[in-house]
Amino acid sequence: MTTTTVNTKPFLGQVPGTSGLRKAVSVFQQPHYVENFVQSIFNAAGASHGQTAGQTLILGGDGRFYNNHVIQVILKMAAANGFGRVMVGQNGILSTPATSCVIRKHKAMGGIILSASHNPGGPDGDFGIKFNTANGGPAPEKITADIYARSLAISHYTIFDSGLDSGDVDVAQLGLKRLGDMDVEVIDPVADYAELMESLFDFNKISTMIKSGKLTICFDAMHAVNGPYAQDILVKRLGAHSGSLINCVPLTDFGGGHPDPNLAHAHQLVEIMNGPDAPEFGAASDGDGDRNMILGRNFFVTPSDSLAVLAANAKLVPGYSAGIAGIARSMPTSMACDRVADDLGVACFETPTGWKFFGNLMDSDQVTLCGEESFGTGSNHVREKDGLWAVLMWLNILAVREQSVEDIMRDHWRRFGRNYYSRHDYEEIDLDAANALVEHLRGQTATLKGQTFGAYRVEAADDFSYTDPVDGSVSAKQGVRVLFEGGSRIVFRLSGTGTKGATLRVYVERFETDPSHHDQDTQKTLADLIKIAEELAQIHHRTGRAAPTVIT
Ligand code: VG1
Ligand code: CO
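Residues numbered from 1 in each chain as written. Chains lettered and ligands numbered in written order. Predicted model: local features only at pLDDT ≥ 70, side-chain atom pairs only at ≥ 80, totals over all residues. Heavy atoms only, no water.

1. Here's the deal with the packing of helix α10 (residues 303–313) against helix α14 (residues 405–416)
Right, so step 1: Contact geometry for α10 and α14: axes closest at 11 Å, N-to-C directions at 85 degrees. In this view, α10 runs roughly perpendicular relative to α14, as classed from their interaxial angle. Residue-level contacts link Asp305, Ala308, Val309 and Ala312 of α10 to Ile408, Met409, His412, Trp413 and Phe416 of α14.
Right, so step 2: The residue inventory of the contact of α10 with α14, partitioned by class, reads 7 nonpolar, 1 polar and 1 charged. (Axes fitted to C-alpha atoms, helices over the stretch in contact; angles between N-to-C directions. Helix = DSSP H or I, 4+ residues; strand = E, 2+ residues; numbered from the N terminus. Parallel < 35°, antiparallel > 145°, perpendicular 65-115°, else oblique. Contact = heavy atoms within 4.5 Å. Nonpolar A, V, L, I, M, F, W, Y, C, P; charged D, E, K, R; others polar.)

What follows is the structure, given as structure tokens:
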């Protein structure tokens with residue numbers, strides 16, 4: 001085997017978005033496309049970390065179509081770039097939170113996760129590559145910007161050239177292999193992660209409740225990466241009946257569906273939870289296992305509410321019994337957790353969308369829990385959002401409180417008030433129209449304050465800008481927010497994970513303190529604000545869309 005230097009030319013547009021480089025599979029299949037981007041990662045990572053020589057890299061993916069091929073390419077490039085060791089998940093599998101856990105536990109310089117998360121997979125679906133740093137979290141903007149800059153200037157990459165398939169490492173068998181001078185350790189993708197979960201939660205208590213039949217569950221892995229994790233943790237360790245798992249066999253195309261755990265896409269679970277024999281607790285996770293949706297019997301918990309409830313009840317869980325240091329939420333996430341933070345006397349941070357912005361806050365011990373409205377919740381146990389962790393948090397709290405999901409949620413609203421919340425997505429709209437719409441909104445921010453729209457009066461409006469309190473870096477233009485007196489709000493931003501045209505996200509929130517008004521239909525109670533959003537953004541006129549494609 002020899003190291004080969006291959007001449008190449010830059011591809012435009014290898015820009016890591018909210019969560020890595022995400023494109024249609026066919027884009028990644030262009031000759032040199034993957035190699036260019038991986039070399040750019042190695043060059044940027046080497047520059048920021050000192051070097052790649054002799055270092056440990058963690059490698060895995062969500063098992064979608066093209067995963068196996070890219071795993072082999074990266075192994076050969078890592079060997080040619082002088083890495084000392086790559087720890088790769090068996091069969092190329094590692095969930096996003098498990099990768100974060102393994103990076104931290106084995107003190108790796110970083111990791112590469114192959115996933116387009118909740119985007120569909122298969123030959124006609126999407127693929128993605130993301131790089132995580134030594135803290136286990138998504139590379140911060142400084143590094144993603146460097147990766148992009150290097151991708152635009154690249155002239156060559158290095159790879160172990162042994163004829164494409166002949167030099168493949170057998171990643172199906174666990175154990176230590178060699179690739180040139182590099183160790184390749186094929187690891188059990190679940191073991192380290194499951195051990196971490198056991199250290200945080202009261203597995204005895206949860207399993208007693210589950211085995212006694214008092215706590216019945218249904219978990220939907222949506223044919224994605226969390227299947228084997230759920231099998232190991234929920235069934236083997238906690239004693240749930242194997243019939244409690246649905247769609248837990250990972251498929252390269254996720255069975256043709258969107259592996260996105262929301263009411264629109266996890267319909268099988270929703271039917272079960274709304275049916276006559278519904279279990280007490282239902283949950284689903286996404287393509288790479290970092291998202292979660294929480295359901296009770298005939299009851300939906302919004303991700304923003306879930307974060308607030310977990311924060312308010314964290315002390316009931318062994319891993320957080322000493323209390324939490326603080327909470328962080330992404331800007332569009334509802335303000336429900338802010339009042340919990342107030343009550344606990346801890347800080348609450350508001351960051352731009354994307355988990356990478358939580359890293360510094362967790363590394364500096366300023367926050368313990370983090371969450372996003374997009375079905376993402378997590379803590380400082382790793383540096384990614386973590387779907388199964390959220391499930392276990394809920395199960396632990398349910399096992400201690402011995403109340404239903406709905407009762408816990410209603411208690412919470414009585415105490416803190418309810419934030420009615422909904423996100424309206426307009427997918428695959430024209431890019432220029434989307435940019436013009438956002439510009440139009442930006443143009444209004446200076447004059448909105450004091451204006452009245454029906455019952456709502458604008459208290460403040462701006463284009464959100466974030467200054468990281470740890471490294472001082474500034475991320476501007478993160479979304480237009482219109483705040484109304486009394487705690488209601490509309491936020492507009494464009495997605496950074498879509499792969500076709502643009503996706504406009506409109507986040508609408510109404511705060512209600514009166515418990516006798518805590519039983520309303522979300523879309524109805526938000527209807528006036530939704531109209532105001534249309535009025536401000538001229539969505540129909542500018543995009544031709546009379547209604548959103550997805551409502552969550
Ligand atoms: C979306 C969500 C964001 C999340 C990101 C990655 O980004 O809104 O909250 O962090 O996806 O989630 P955007 O830019 O499309 O709104 V996932 O589970 O990669 O990975
Ligand atoms: Co995900």
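2. Some details on the site of ligand 1
Right, so step 1: Surveying the vicinity of ligand 1 reveals 20 residues, the closest of which are Thr18, Ser117, Ser374, Gly496 and Thr497.
Right, so step 2: A distance of 2.6 Å separates an oxygen atom of ligand 1 from a polar atom in the side chain of arginine 493.
Right, so step 3: For ligand 1, an oxygen atom lies 2.6 Å from a polar atom in the backbone of glycine 496. (Near = heavy atom within 4 Å. Polar contact = N/O pair within 3.5 Å; in protein donor to acceptor, adjacent residues only side chain to side chain.)

3. Section: the coordination of the cobalt ion (ligand 2)
Right, so step 1: Here the cobalt ion (ligand 2) is held by the protein donor atoms Ser117 (OG), Asp286 (OD), Asp288 (OD) and Asp290 (OD), which lie 2.0 to 2.1 Å from it.
Right, so step 2: Along the chain, the residues donating to the cobalt ion (ligand 2) fall in the pattern S-x168-D-x1-D-x1-D.
Right, so step 3: Residue class for aspartate 286 comes out buried when judged on its relative accessible area of 0%. (Donors = N, O, S within 2.8 Å, 3.2 Å for Na, K, Ca; no water. Buried < 20%, exposed > 50% of the residue type's maximum accessible area, 1.4 Å probe, protein only.)

4. Thoughts on the packing of aromatic side chains
Right, so step 1: If you walk through the whole model with that rule in mind, you get 13 aromatic pairs.
Right, so step 2: Judged by centre distance (4.6 Å) and plane angle (80 degrees), the rings of tryptophan 355 and phenylalanine 358 are edge-to-face. Here tryptophan 355 and phenylalanine 358 have matching classes, each one buried.
Right, so step 3: Taken together, Phe11, Phe28, Tyr33, Phe65, Tyr66 and Phe127 form an aromatic cluster joined through their ring pairs.
Right, so step 4: Residue placement shows arginine 418 over the ring face of tryptophan 413; its charged tip is 3.9 Å from the ring centre. (Phe/Tyr/Trp six-rings, centres within 6.5 Å; stacked < 30°, edge-to-face > 60°. Lys NZ or Arg CZ within 6 Å of the ring centre and 35° of its normal.)

5. Quick notes on the sheet that holds strand β8 (residues 175–179)
Right, so step 1: Spatially, β2-β6-β5-β3-β4-β9-β8 is the arrangement adopted by the 7 strands of the open sheet, whose pairing is mixed. Only two strands of the sheet have a single partner each, and these edge strands are β2 (21–24) and β8. Adjacent strand axes in the sheet meet at a mean angle of 20 degrees, parallel and antiparallel pairs treated alike.
Right, so step 2: As paired strands, strand β3 (residues 56–61) and strand β4 (residues 85–93) are joined by 5 bridges and run parallel to one another. (Pairing = 2+ DSSP bridges.)

6. A few points about the packing of helix α11 (residues 336–344) against α14
Right, so step 1: Between α11 and α14, whose axes approach to 11 Å, the crossing angle comes to 70 degrees. Here α14 runs roughly perpendicular to α11, going by the angle between their axes. The handedness of the crossing between α11 and α14 comes out as left-handed. Note on element contacts: α14 touches α11 through His412, Arg415 and Phe416, opposite Arg339, Val340 and Asp343.
Right, so step 2: Along the lines of polarity and charge, the residues of the contact of α11 with α14 split into 2 nonpolar, 1 polar and 3 charged. (Left-handed = near helix turned anticlockwise from the far one by under 90°.)

7. Structural notes on the domain arrangement of the chain
Right, so step 1: Assigned domains within the chain: domain 1 (2–189), domain 2 (193–416) and domain 3 (418–551).
Right, so step 2: Averaged C-alpha coordinates put domain 1 and domain 2 at centres separated by 29 Å.
Right, so step 3: On the side of domain 2, 33 residues touch domain 1, which itself brings 35 residues to the contact.
Right, so step 4: Surface buried jointly by domain 1 and domain 2 totals about 2500 Å² across both partners, of which 58% is contributed by carbon and sulfur atoms.
Right, so step 5: Its largest share of buried area at the contact with domain 2, domain 1 owes to Pro97, His118 and Pro138, together 23% of the area lost on that side.
Right, so step 6: Our count for the domain 1 to domain 2 interface comes out at 2 salt bridges.
Right, so step 7: Measuring nitrogen to oxygen at the nearest pair gives 3.2 Å for the salt bridge that ties lysine 130 to aspartate 288.
Right, so step 8: Where the side of domain 1 that touches domain 2 is concerned, the elements lending two or more residues are α4 (96–105) and β6 (126–133).
Right, so step 9: Ranked by residues supplied to the side of domain 1 that touches domain 2, first place goes to α4 with 7 residues. (Domains from an automatic or database assignment. Buried area = accessible area lost by both parts, 1.4 Å probe. Salt bridge = Lys/Arg side-chain N within 4 Å of Asp/Glu carboxyl O.)

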